[in-house]
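Below, each chain spelled out in residue letters.
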Amino acid sequence: MASMASQIALTVDVHVEDRPADIIRAAAWLGVHRIPATFFVPSALFEHANFRPHIILLPSLGFEVGSHGHDHDYAEIRALMRGAAADLNFLRRSQALYRETFGCTPISFRSPAWCPLGPGAIAALVELGYRVDSSATPQRLPIFSSTPYANTWLFARRTPYELAPGLLEVPTSCLLLPAASPTWLTLRRRAASAFLSLLLWEARRCADCMPCVQLHVSDFVPDAAPPSPVETLGLRSFLPRRDGGLRFKVFLRERNPERVYATTLAIIEVLRGHRGGGFVRLRELVKPAEG
Ligand SMILES: [Zn+2]
């Protein structure tokens, strides 16, 4: 895995709250800047009339579409963390929808909210032929996550490793907070760049480390605010919920679209400075399955 040290995985998570057209705007932006990326998409959006036309274009534009669950809700999160085989049927349905939409099966998976995967979920992913999982957020603080009472990969390894036979775990870079859009928008441009630089410094010192960074499609769109929180701020926002964690955190995030975009530019610039910035899609990290 020594070659991974000079590679970077840029991932873009898509959600039903996004503006559908932002998917193609983000893809176009990445295309112009010659950055291959993996889009993680909940498969319910494949059937969504507004989203489908944009999502089906992604492979022809050179992007990988990975699975981000089906509905991306707390029922799926609970099933992935602790569910029995029957609770995980949504993974089968999701894979079938993917095959109907793209004519092939998905290679890469990321759990909703990076929730931890229980043994049943790992076995189901292997059975369904997934080759890469990018759900881990090593040493993420549970209290800032969406599942504050679960182990949020607190003791997970920081480098890619075989999670199960044939399934490569590529952790999202993380240190207390994930190298991801919610963190960038909370820290803002300067602090986000410094935090990412720290993670890249670690990656340069460790031969097996591979930076894996997440953004949202709205981060690439300088003329419209990111999707607004679906809730209102109240006292309850300061109590950690089993499903959702501390909700006041969503009100701390940058909402000015130009500043969001400036932060994205800064993140990409820092990534490009990392050993020449060789971006890869996650599926390129595994050999094609035999047969
Ligand atoms: Zn998500």
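Here goes a summary of the coordinates provided. Fair warning: this is a prediction, and the values are worked out from it, not measured in the lab.

1. Overview of the overall build of the chain
Check the secondary structure of the chain and you find seven helices and eleven strands. The C-alpha radius of gyration of the chain comes to 18 Å, within 12% of the 19 Å expected for a compact globule of 291 residues. Every one of the 291 residues in the chain was classed for burial, and the buried ones make up 54%. Considering only contacts in the chain between residues 6 or more positions apart, those separated by 24 or more positions represent 76%. With an accessible surface of roughly 12,700 Å², the chain has 58% of that area assigned to carbon and sulfur atoms. With 32 positive and 26 negative side-chain charges, the chain shows a spacing of 5 Å between the two charge centroids.

2. Comments concerning the state of the cysteines
Summed over all chains, the structure comprises zero disulfides. The cysteine Cys174 is free of any disulfide, with Cys212 supplying the nearest cysteine sulfur at 11 Å.

3. Describing helix α3 (residues 74–82)
Within α3 the residues assigned to the buried category are Glu76, Ile77, Ala79, Leu80 and Met81. Of the surrounding elements, those touching the buried residues of α3 are α4 (89–102), β4 (108–109) and α5 (119–127). Near the N-terminus of α3, the side chain that reaches the backbone nitrogen of Ala75, with its oxygen 3.3 Å away, is that of Asp73.

4. Notes on the coordination of the zinc ion
Here the zinc ion is held by the protein donor atoms His15 (NE2), His68 (NE2) and His72 (NE2), which lie 2.0 to 2.1 Å from it. Between consecutive donor residues of the zinc ion, the sequence gaps follow H-x52-H-x3-H. Of the two residues, His15 sits in the loop between β1 (7–13) and α1 (20–32) while His68 sits in the loop between β3 (64–67) and α3, which places them 53 residues apart along the sequence. Taken individually, His15 and His68 each receive the classification buried, so the pair is uniform in this respect.

5. Points about the nonpolar core
In terms of nonpolar packing, the biggest core is built from 39 residues, with Leu10, Leu30, Phe39, Trp184 and Leu271 touching the most fellow members. Of the residues forming this core, the biggest block, six residues, is contributed by helix α6 (residues 181–205). Not counting the four nearest positions on each side in its chain, Phe39 is found in contact with Val12, Val14, Ile23, Ala27, Leu30, Leu58, Phe63, Glu64, Val65, Gly66 and Val217. One finds Ala79, Leu80, Ala156 and Leu167 within the second-largest nonpolar core, a separate group that totals 24 residues.

6. Re the packing of α6 against helix α7 (residues 257–272)
Two numbers describe how α6 lies on α7: the axes approach to 9 Å, and their chain directions differ by 5°. In terms of their interaxial angle, α6 and α7 are classed as roughly parallel. Residues Trp184, Leu185, Arg188, Arg189, Ala192, Ser193, Leu196, Ser197 and Leu200 of α6 pack against Val260, Ala262, Thr263, Ala266, Ile267, Val270 and Leu271 of α7. Tallied by class, residues from the contact of α6 with α7 come to eleven nonpolar, three polar and two charged.

About the criteria used
Residues numbered from 1 in each chain as written. Predicted model: local features only at pLDDT ≥ 70, side-chain atom pairs only at ≥ 80, totals over all residues. Heavy atoms only, no water. Helix = DSSP H or I, 4+ residues; strand = E, 2+ residues; numbered from the N terminus. Rg over C-alpha atoms; globule rule 2.2 N^0.38 Å. Buried < 20%, exposed > 50% of the residue type's maximum accessible area, 1.4 Å probe, protein only. Contact = heavy atoms within 4.5 Å. Areas by Shrake-Rupley, 256 points an atom, 1.4 Å probe, with all protein chains shown as cover. Lys, Arg positive; Asp, Glu negative; His and termini not counted. Charge placed at Lys NZ, Arg CZ, Asp CG, Glu CD. Disulfide = S-S within 2.5 Å. Polar contact = N/O pair within 3.5 Å; in protein donor to acceptor, adjacent residues only side chain to side chain. Donors = N, O, S within 2.8 Å, 3.2 Å for Na, K, Ca; no water. Core = buried A, V, L, I, M, F, W, Y, C linked by side-chain atoms within 4.5 Å. Axes fitted to C-alpha atoms, helices over the stretch in contact; angles between N-to-C directions. Parallel < 35°, antiparallel > 145°, perpendicular 65-115°, else oblique. Nonpolar A, V, L, I, M, F, W, Y, C, P; charged D, E, K, R; others polar.

Purely spatial values, then, with no claim about function.
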